[in-house]
Amino acid sequence: MASLISPPAATRLRSIDALRGLVIVIMLLDHVRETFFLHHQVGDPMDVSATPPDLFFSRLLAHLCAPVFVFLTGLSAWLYGAKAGDRSATAAFLAKRGAFLIALEVIVVNFAWTFQFPPSVVYLQVIWVIGLSMLSLAALLWLPRWALVVVGVVLVAGHNALDAVHFAAGHVMHVPWAVLHDRGWIEVSDTLRLRTSYPLLPWIGVIALGYAAGPWFQPGSDAAERQRRLWTAGLAAVAGFVVLRAINGYGQSQKWAVQDDTLHTIMSFVNITKYPPSLMFLLLTLGLGLCLLVLIERAQSAAWVRALCVFGAAPMFFYLLHLYVLKALYLGGEAIWGLNQGKYFGVDGMASVWVISILLAVALFWPVRWFGRLKAARRDIAWLKYL
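Treat the numbers as computed from the prediction; the structure is a model and nothing was measured.

A.B. asks: Is there a simple way to think about the overall build of the protein chain in this case?
C.D. replies: Helix and strand counts for the protein chain come out as 14 helices and three strands. What you see for the protein chain is a C-alpha radius of gyration of 21 Å, in line with the 21 Å of a compact globule of 387 residues. In terms of principal-axis extent, the alpha carbons of the protein chain reach across some 55 × 50 × 45 Å. Within the protein chain, the proportion of its 387 residues that are buried is 51%. Of the accessible surface of the protein chain, which amounts to about 17200 Å², a share of 67% is contributed by carbon and sulfur atoms. Both charge centroids of the protein chain, one from 29 positive and one from 20 negative side chains, sit 12 Å from each other.

Below, the structure is given as structure tokens:
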């Protein structure tokens, strides 16, 4: 396996690429579920009494993806700026790439999900919110680091205080509030609606905290000290989740309760809200993400870490490629076997979803590795850096 993997990036970057690679492979599992297991759709929060444990925990695992990826986007932005040595250039890059990602979501990603042109519905999802978060960070990075931390903590911890605020369609605040905090529908015309699946406000906090963590990874920094800080922050976040969740305190509207058995009680305890991400959601996922970053950094010479770096070095290419591959597989399966799950084509159980995900990850390794090498070799092609 080692011979198939590109030479690793610099030591301080390998763990970041590997963690990014891990979460997009987990994302692949969730999107395979959404493609071939749609006849067992899950809500948010998931219904503990009605959702089988294998489906519940597979979905729960995918909760790691967006928070870790947005945090690493902020961290990578700091590293880009440290290398460029110019805050203005960093802000300009973030603004341009953010705008590019927003356009990509609306035009390319949405079509991969709906296969409808012109679309009647545009789903504004994770790529959209990363783009908007980058635009926000382009403005926020001028703040001193301590102020950036304050902004991040206030947005992550404080946005749930706004959960009761709603604005009806037609109100002047309906559209901006639907984008910022209140997941909902925006009626553009009689034939077009927008769905703000990922409200922005808490994600600005996550990307700001990622950027503020950047100095821990600066060249020449002490690895042991960095790992201690990451470990401390990660465990503190997880502990904060456990304490606040145990008392059904602030930060999660969906309360947990003792169920008929231990497994379902655990499911109730970790059943947390993603849209928008509650404080409980972000404490648990970011806490685990920081701990994973430490563990990956300590194992950075392992073949599996270098393999994950291949995916993490070209995440946007992987994202776009896997969406269209999944759509092609679904349409092909439907054409061959028909709608074998009611009004859907799909598989019978989550075990099949896991098998398909593993096979696809292996199959996509080679084109992603090819693109990552192209991106590294052709620095003269400016648009490649946006993917």
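A.B. asks: Can you walk me through a nonpolar patch on the surface in this structure?
C.D. replies: Taken together, the side chains of Trp-354, Ile-358, Val-362 and Trp-366 define a hydrophobic patch exposed on the protein surface, amounting to about 400 Å² of accessible area. Looking at where Ile-358 falls in the secondary structure, it is placed in helix H14 (residues 350-377).

A.B. asks: Any chance you could explain the sheet that holds strand E3 (residues 192-196) here in plain terms?
C.D. replies: Strand pairing in a sheet relies on backbone hydrogen bonds. The paired strands run either parallel or antiparallel. The sheet built from three strands is open, its strands ordered E1-E3-E2 with mixed pairing. The strands lining the two open edges of the sheet, one partner per strand, are strand E1 (121-124) and strand E2 (185-189). Across the sheet, the mean angle from the axis of one strand to that of its neighbour is 20 degrees, orientation sign disregarded. Taken together, the four bridges between E2 and E3 define a ladder with antiparallel strand orientation. Within E3, the position partnered with Ser-189 by the bridge is Leu-192.

The rules behind each value
- Along each chain, the written sequence defines residue order, and numbers are assigned to residues from 1.
- Given that this is a predicted model, residues contribute local features only at a pLDDT of at least 70 and side-chain atom pairs are listed and counted only at 80 or more, while totals for whole chains, interfaces and linings are drawn from all residues.
- Excluding hydrogens and water, the side-chain figures rest on all heavy atoms present in the structure.
- Runs of E in the DSSP output that reach at least two residues are strands. Runs of H or I that reach at least four are helices, and both are numbered from the N terminus.
- Each radius of gyration reported is based on C-alpha atoms, and the globular scaling rule is 2.2 Å times the count of residues to the power 0.38.
- For every residue, the accessible area (1.4 Å probe, protein chains only) is compared with the maximum for its type, and the residue is labelled buried under 20%, exposed over 50%, or partly exposed between those bounds.
- Here the Shrake-Rupley method, with its probe set to 1.4 Å, supplies the accessible areas, and only the displayed protein chains count as covering residues.
- His is not counted, nor are the chain ends; Lys and Arg add positive charge and Asp and Glu add negative charge.
- By convention, the point assigned to a charge is CZ for Arg, NZ for Lys, CD for Glu and CG for Asp.
- Excluding any residue in a salt bridge, patches collect residues exceeding 30% relative accessible area, merging like charges within 9 Å and nonpolar Val, Leu, Ile, Met, Phe, Trp and Tyr side chains within 5 Å.
- Each reported salt bridge corresponds to a side-chain nitrogen of Lys or Arg within 4 Å of a carboxyl oxygen of Asp or Glu.
- Here, any two strands with at least 2 DSSP bridges between them count as paired.
- For helices, the fitted axis covers only the stretch in contact; all axes are lines through C-alpha atoms, and the angles between them, taken along N-to-C directions, range from 0 to 180 degrees.

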